[in-house]
Amino acid sequence: SLQPKNLKQLSATEREKFFDSFDVVFCDCDGVVWYTLRDFIPGSAEAIAELQRRGKQLTFVTNNSISSVEQHLQKFAKQPGLHIDKAQIVHPAQTICDHLKAIGFEGLIYCLATPPFKQLLRDAGFNLAPEREGFVIESLADLRDAIFGQQTVQAVVIDVDFNLSATKLMRAHLQLQNPNCLFLAGAADATIPFGDGEIIGVHAATMPMLQPPIYSHSISGPGAFIDVVAKASERQPTVLGKPGEALRQLLRERHLDCPASRVLFIGDSLASDIGFARASGYQTLLVLTGGGSAEDLANLPPGHAHLPDYVCDCLGDLS
């Protein structure tokens, strides 16, 4: 129930005690390591290098399936002195592939996600139900055809889909009325921090009060759309992105020898990062370069489930 400790305010002794308290680091990417549509946040590459120098085991846990694992790796590779490999990236499309392979799934998938996400599933050998692009519903006959006139699938997968429509959700709901059809979700965030200095046509330079932080506002995340289908079908999905229980199990299996209390989770979202990490029994560090602000933090009552153990202005405060 104590207030979070600010890393900058720790004494040298307290700082060393902090570093000695964990062996494994799970770190979010967008809003923590880099800005969603920009490059590395100043100081974050040095902080990651410092954690590696101290022998910490690093895994990057991202909900961003708009960028592929390869694109994440390419971003890291541009930073001198940083060596991050594929096994260190936990990404919703990849965890869904791993899950489907683990259960020996071979059926047809109806996937509501971005093109890179779908491509990763196809590259892993899975079959995706075809989509009719640009099909406009103008009558009940069109609607019936769009929902009922398609192939039966054995799994419905929902992640971020910027071309989502009511018809797609209805089709997903129809398939999930079959109790044997799997219901999987990737990222389940309610909101996604979003902004690249452009605010509804007004450049941020002309609105200085919006800088910092670079994220001026959030957009609706996939969580609400997953909830629509879950409510209609009266079924809960297996969530393989943050803040899902299935992801928690997957992360636990990666470090069976490490107690949860010796894990530090670094994130920028109070709900999908800090809430998820606290429920997992991890230590938590909130960075204020992304979705969670100092104001949001101040508004949380003592003992709240989203209250972090530590807070810092940016990841660079670690180095």
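Residues numbered from 1 in each chain as written. Predicted model: local features only at pLDDT ≥ 70, side-chain atom pairs only at ≥ 80, totals over all residues. Heavy atoms only, no water.

Q: Just to check I follow, could you spell out the overall build of the chain for this structure?
A: Check the secondary structure of the chain and you find 11 helices and 16 strands. Along the longest, intermediate and shortest principal axes, the C-alpha atoms of the chain span 70 × 50 × 40 Å. When the 319 residues of the chain are sorted by exposure, 50% land in the buried category. Taking the contacts inside the chain whose residues are at least 6 apart along the sequence as the reference set, 73% of them involve residues at least 24 apart. (Helix = DSSP H or I, 4+ residues; strand = E, 2+ residues; numbered from the N terminus. Buried < 20%, exposed > 50% of the residue type's maximum accessible area, 1.4 Å probe, protein only. Contact = heavy atoms within 4.5 Å.)

Q: Just checking my understanding: could you explain unusual backbone geometry for this structure?
A: With the exception of glycine, the majority of residues adopt a negative phi angle, and the majority of peptide bonds are in the trans configuration. Here the bond from Lys242 into Pro243 is cis, since omega is 0°, no more than 30 degrees from zero. Looking at the secondary structure, you find Pro243 in the loop between strand E13 (238-239) and helix H9 (245-254). Here the phi dihedral of Glu234 falls at roughly 55°; this positive angle occurs in a residue that is not glycine. Its location among the elements puts Glu234 in the loop between helix H8 (223-233) and E13. The exposure class of Glu234 is exposed, given its relative accessible area of 73%.

Q: I tried to follow helix H4 (residues 92-102) on my own but got confused; where do I start?
A: Among the residues of H4, those classed as buried are Pro92, Ala93, Thr95, Ile96, Cys97 and Leu100. A positive phi of about 65° marks Gly104, the residue just after H4.

Q: In this structure, what is going on with the packing of aromatic side chains? I would like to understand it.
A: Centre-to-centre distance and the angle between the planes together describe a pair of aromatic rings. Scanning the entire structure with this criterion turns up 13 aromatic pairs. Between the aromatic rings of Phe26 and Phe265, the centroid separation amounts to 6.5 Å while the plane-to-plane angle is 65°, which identifies the pairing as edge-to-face. Of the two residues, Phe26 sits in strand E2 (residues 24-27) while Phe265 sits in strand E14 (residues 263-267), which places them 239 residues apart along the sequence. Judged by relative accessible area, which is 0%, Phe265 ranks as buried. Pairing Phe40 with Phe76 gives two aromatic rings, centres 5.9 Å apart and planes at 80°, and the pair type is edge-to-face. Placement of Phe40 in the loop between E2 and helix H2 (44-53) and of Phe76 in helix H3 (residues 69-77) is noted, with a sequence separation of 36 residues between them. Just as Phe40 is buried, Phe76 falls in that class too. The rings of Phe18, Phe19, Phe22 and Tyr310 are connected pair by pair, giving a single aromatic cluster. Its guanidinium or amino end placed over the ring of Phe22, Lys56 lies 4.8 Å from that ring's centre, counting from NZ or CZ. (Phe/Tyr/Trp six-rings, centres within 6.5 Å; stacked < 30°, edge-to-face > 60°. Lys NZ or Arg CZ within 6 Å of the ring centre and 35° of its normal.)

Q: Would you explain the confidence of the model for the chain in this entry?
A: Predicted coordinates in areas of low pLDDT are best not read in detail. Put simply, the chain has an average pLDDT of 87, and 91% of its residues get 70 or more. Counting contacts from residues 197-216, a segment whose pLDDT is below 50, to residues more than four positions away or on other chains yields 27 contacts. (pLDDT = per-residue confidence, 0-100.)

Q: Would you mind showing me how to read the sheet that holds strand E5 (residues 108-112) here?
A: To summarise the sheet geometry, strands pair through backbone hydrogen bonds and adopt either a parallel or an antiparallel arrangement. Taken together, the 5 strands give an open sheet; going across it, the order is E6-E5-E7-E8-E13, and neighbouring strands pair in parallel fashion. The open sheet terminates on both sides in strands that have one partner only, identified here as strand E6 (127-128) and E13. As judged from the 4 bridges shared by E5 and strand E7 (residues 155-158), these two strands associate in the parallel manner. Bridge pairing links Cys111 to Val157 in E7. Docked against the sheet, H4 engages E5, E7, strand E8 (182-185) and E13, running at close to 155° with respect to E8. (Pairing = 2+ DSSP bridges. Axes fitted to C-alpha atoms, helices over the stretch in contact; angles between N-to-C directions.)

Q: What is the right way to look at the pattern of salt bridges in this model?
A: Applying the stated criterion across every chain yields a total of 10 salt bridges. Between Glu50 and Arg54 there is a salt bridge, and its shortest N-O distance comes to 2.8 Å. The exposure class assigned to Glu50 is buried, which follows from its relative accessible area of 16%. Classification of Arg54 as partly exposed rests on a relative accessible area of 26%. A salt bridge links Arg248 to Glu245; the shortest N-O distance between them is 2.6 Å. Residue Arg248 and its partner Glu245 are located together in helix H9, separated by 3 residues, close to a single helical turn. If you follow the salt bridges from partner to partner, you end up with Glu16, Glu50, Arg53 and Arg54 in one network. (Salt bridge = Lys/Arg side-chain N within 4 Å of Asp/Glu carboxyl O.)

Q: Can you walk me through the sheet that holds E2 in this structure?
A: With parallel pairing, the 7 strands of this open sheet are ordered in space as E1-E16-E15-E14-E2-E3-E4. This sheet does not close on itself; its edge strands, each paired only once, are strand E1 (5-6) and strand E4 (89-90). The pairing of E1 with strand E16 (residues 310-312) spans 2 bridges and is classified as parallel. Its bridge partner being in E16, Asn6 is matched across the sheet by Val311. Sheet contacts for H2: E2, strand E3 (57-61) and E14; angle to E3, the most-contacted strand, approximately 140°.

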